[in-house]
Amino acid sequence: MGMTSAQKRGFGATLWDWLTTVDHKKIGILYLAGGGFFFLLGGLEAVIIRIQLISPENNFISAGLYNEMITMHGTTMIFLAAMPILLGLMNFIMPLQIGARDVAFPFLNSLGFWLFLFGGVLLNLSWFTGAPDAGWTNYAPLSIQSPGHGVDFYIMGLQLSGAGTLMGGINFIVTIVLMRAPGMTYMRMPLFTWTTFVASILILFAFPALTVGLFLMMFDRMFGSAFFDAALGGNAVIWQHLFWIFGHPEVYILILPVFGVFSEVFPTFAKKRLFGYTAMVFATFLIAFLGFMVWAHHMFTVGLGPVANSIFAVATMAIAVPTGIKIFNWLFTLWGGSIKINSAMLWSLAFIPSFTIGGMTGVMLASAVADYQYHDSYFVIGHFHYVIVGGTVFGILAGLHYWWPKMFGKYLHEGLGQISFWTFFVGFHLTFFIQHFLGLMGMPRRYWVFLENQGLDTGNLISSIGAFFMSFGVIVFLINIIYTTIKGKKAPRDAWGSGRTLEWTISSPPVHYNYKQLPLVRGLDPLWIEKMEGNKKMTPAEPVDEIHMPNGSILPLIMTIGFTIASYGFIYQTGNKYWLIAVYAGMAIALISMLTRSLKDDHGHHISKEELERVGD
Amino acid sequence: MTDEMSTRKINSFQKQKNKQEMQKMVVSFALMIFFTLVAFALVMLEVPSTYVIPIILLLAFVQVSFQFFYFMHLKDKGHEVPSQIIYGGVFITVMVALTFTVITWW
Ligand code: HEM
Ligand SMILES: [Cu+2]
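Predicted model only: the values in this text are computed from it and were never measured. (Residues numbered from 1 in each chain as written. Chains lettered and ligands numbered in written order. Predicted model: local features only at pLDDT ≥ 70, side-chain atom pairs only at ≥ 80, totals over all residues. Heavy atoms only, no water.)

What follows deals with the overall build of chain A. Secondary structure assignment for chain A yields 19 helices and 2 strands. Across its three principal axes, chain A shows a C-alpha extent of roughly 70 × 60 × 45 Å. Counting every position in chain A, which comprises 617 residues, the buried fraction comes to 58%. Within chain A, contacts between residues at least 6 apart in sequence are counted, and of these 82% link residues at least 24 apart. Averaged over its 33 positive side-chain charges, chain A has a centre that lies 11 Å from the centre of its 31 negative ones. (Helix = DSSP H or I, 4+ residues; strand = E, 2+ residues; numbered from the N terminus. Buried < 20%, exposed > 50% of the residue type's maximum accessible area, 1.4 Å probe, protein only. Contact = heavy atoms within 4.5 Å. Lys, Arg positive; Asp, Glu negative; His and termini not counted. Charge placed at Lys NZ, Arg CZ, Asp CG, Glu CD.)

Spelled out as structure tokens, the structure:
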């Protein structure tokens, strides 16, 4: 093991290595690949939706399939694409930024990834037998009455992947609390680490609400309970509450990490320290805190009454304040900097106006009275795509361009990067800006067709054309990845020459133990401090000594397979009780793996001092 | 990763402390089981619900406190950040429960 594992091996050995890996960097890459795959799938679904809506009363797909398409698009993009890609970036970068050799619970990390992947695959297998069709919000009673097994796949798929996400969140919290390098106090942590930390806390508190909601839904659909059935004394609105108690923090789980990305990209390419670091940290916490008290703004029209609506409206508008603080801090970071523009920077710069528009429409929606007009119209679609695409997706792409050389040792091609940026950027605004007006003119969301000559034709056509531009941008990005993998320019440690944080002090890509000697952190932006003092390297905090690393394990994968089999059993046992065998068998596999894990001691392996010295740096 | 190193460093003072810690754990564990039995007994003896509900809520509160302070080490030194996070979670939970109560009965 150890260094020798980097040598050339056969396909089987490589595959085994990836299936059993507990290395946070490899798991990060797996998350990126898995999330990327689902992003393409969700994108395909989006394009199909836009083709259906390209002209009035179009018949490209049937009404039922359309419902499945919008449901799977939303669910896939939020749960299986955006969030896992972010978890991938966090997984790879955060431990490097705090000077750690791995996350706190490497085994759990791998289990989290496999649960996400199998949850996603399970959900998508529903395409063969009928996908969920009650919207990504899966409101009862529609979801309770939806025939077939579609919604059951939604429940079990999200339950699996949600468990994985929860594990990821807990893991990151513990890692950041316990594993910071010597000298790395909380207020010396890079902003991306901070936002990872806060987003993980959001995951920790928000996901249980989803878990509970999904369980209640599962009991209602599979075991004859009536939590959401008004006829039997249940209450359908409870689902909406549980979903949004989870759902609103979820949108901040999606945006906070990319706030962190921008806070790394701007200082690097403006060659200036981040303006208002303390205010940024404080604003992040404030957003997270307020994020938990605004969920009912998704339910203004449910009939909670004027008092509840007013309270939630005011709380919602308050979030715009810390968000505004952040926007201004980024602008001041750029102000007077010696700015270098490249793809990473373009995505970041484009984020500022795009996201601000989304924030503005958000405040409009937060006005409860006005929301009676906007609600469930294309205006809302416009709003959340401005924040999610203009925020999260732009941020992901900025982060990928920025850290690609660190993760894979090669620069993404700059020209291709700019082509995909401009086409995607133009396409994005073409697609979604006009949707605000479509909504204001009365076009409802989630409708299969719209009628001719109601003033909606041109707007929808423009919107669909924009979607093709975005697709083109994504394809160019894929080509860029392939090109870079084959012929990309090699990157040194400090790939951009103006790196400030610890990840730029180690080789690109990093060795599997990250740091031969843990670095001594002497302040915020530790690498920058050393550079300013004319040092070529970080000061080590320890002598070269044996390094202890965790061993890989196949158990997380086996455990996940067990749970997946059990999920299938749960879904189909409603029709045929023999499927209970799958439930028991699957659970047995999972439990036996857990038992094995608990009883079998695994002390990991050591990389000897001699070996480390042989490697040089 | 760190377990091994810390076990190497354990000295007799630590051992003494660990023993005390263990005693506290066992005592609170026994108490928790006792509380659970009491709760069950109250329901099975069909004590009127006006009494049972507040008593069970009280027992639940005490149990949660034991859970947090003893089993999850909130009382220990050097656990400030995790404690803060847990208090945050408690705050959010209470607030959500409060909102539900207000929305339902007001
Ligand atoms: C200034 C900040 C924001 C405010 C004031 C705000 C406000 C709102 C309101 C009031 C709604 C409900 C509209 C309706 O259904 O009638 C809404 C919907 C939505 N928002 Fe935001 N928002 C903000 C930021 C964000 C961010 C940062 C994201 C995600 C990254 C986001 C994602 C969403 C989504 C996904 C929906 C639609 C959910 C659905 O019904 O399917 N919002 N927003
Ligand atoms: Cu919201």
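This paragraph deals with the coordination of the copper ion (ligand 2). All names here are of chain A. Taken together, His 248 (ND1), His 297 (NE2) and His 298 (NE2) make up the full set of protein donors to the copper ion (ligand 2), lying 1.8 to 2.0 Å away. Along the chain, the residues that donate to the copper ion (ligand 2) are spaced as H-x48-H-H. The metal-metal distance between the copper ion (ligand 2) and the iron atom of ligand 1 comes to 4.5 Å. Judged by its relative accessible area of 15%, His 297 falls in the buried class. (Donors = N, O, S within 2.8 Å, 3.2 Å for Na, K, Ca; no water.)

This next bit is on the packing of helix α2 (residues 24-52) of chain A against helix α13 (residues 378-408) of chain A. Residues and elements named next belong to chain A. Interaxial distance between α2 and α13 falls to 13 Å at its minimum, and their mutual angle equals 145 degrees. Pair α2 / α13 crosses with left-handed handedness. In this structure, α2 uses Ile 29, Leu 32, Phe 39 and Arg 50 to contact α13, whose residues at the interface are Tyr 378, Val 393, Leu 400, Met 407 and Phe 408. Partitioned by chemical class, the residues of the contact of α2 with α13 number 8 nonpolar, no polar and 1 charged. (Axes fitted to C-alpha atoms, helices over the stretch in contact; angles between N-to-C directions. Left-handed = near helix turned anticlockwise from the far one by under 90°. Nonpolar A, V, L, I, M, F, W, Y, C, P; charged D, E, K, R; others polar.)

Residue and element names in this part refer to chain A. Segmentation of chain A into domains returns domain 1 (2-553 + 602-615) and domain 2 (555-601). Computed over C-alpha atoms, the centres of domain 1 and domain 2 are 29 Å apart. In this assembly, 22 residues from domain 1 lie in contact with 18 residues from domain 2. Note on domain 1 versus domain 2: buried area summed over both sides is about 2,000 Å², and carbon and sulfur give 76% of it. For the side of domain 1 that touches domain 2, the elements supplying multiple residues, two or more each, are α4 (106-125), α6 (150-178) and α7 (191-222). Here the side of domain 1 that touches domain 2 gets 8 residues from one element, more than from any other, and that element is α4. Among the residues forming the side of domain 1 that touches domain 2, the class breakdown is 14 nonpolar, 5 polar and 3 charged. (Domains from an automatic or database assignment. Buried area = accessible area lost by both parts, 1.4 Å probe.)

Bringing the coordination of the iron atom of ligand 1 into the picture now. Exactly one donor from the protein chain reaches the iron atom of ligand 1: His 383 of chain A (NE2), at 2.2 Å. Within the secondary structure, His 383 of chain A sits in helix α13.

Turning our attention to a negative patch on the surface. Residues Asp 545, Glu 546, Glu 610 and Glu 613 of chain A make up a contiguous surface patch of negative charge. Turning to its location among the elements, Glu 610 of chain A is positioned in helix α19 (residues 609-615). (Patch = residues over 30% accessible without salt bridge, like charges linked within 9 Å, V, L, I, M, F, W, Y side chains within 5 Å. Areas by Shrake-Rupley, 256 points an atom, 1.4 Å probe, with all protein chains shown as cover. Salt bridge = Lys/Arg side-chain N within 4 Å of Asp/Glu carboxyl O.)

Counting residues at the interface gives 15 residues for chain B, matched by 22 residues for chain A. Each partner contributes to the roughly 1,500 Å² buried at the junction of chain B and chain A, and carbon and sulfur atoms together form 88% of this total. Across the chain B-chain A interface, the total number found is 0 salt bridges. At the surface where chain B touches chain A, the tally comes to 0 residue pairs in polar contact (both at pLDDT 80 or more). (Polar contact = N/O pair within 3.5 Å; in protein donor to acceptor, adjacent residues only side chain to side chain.)

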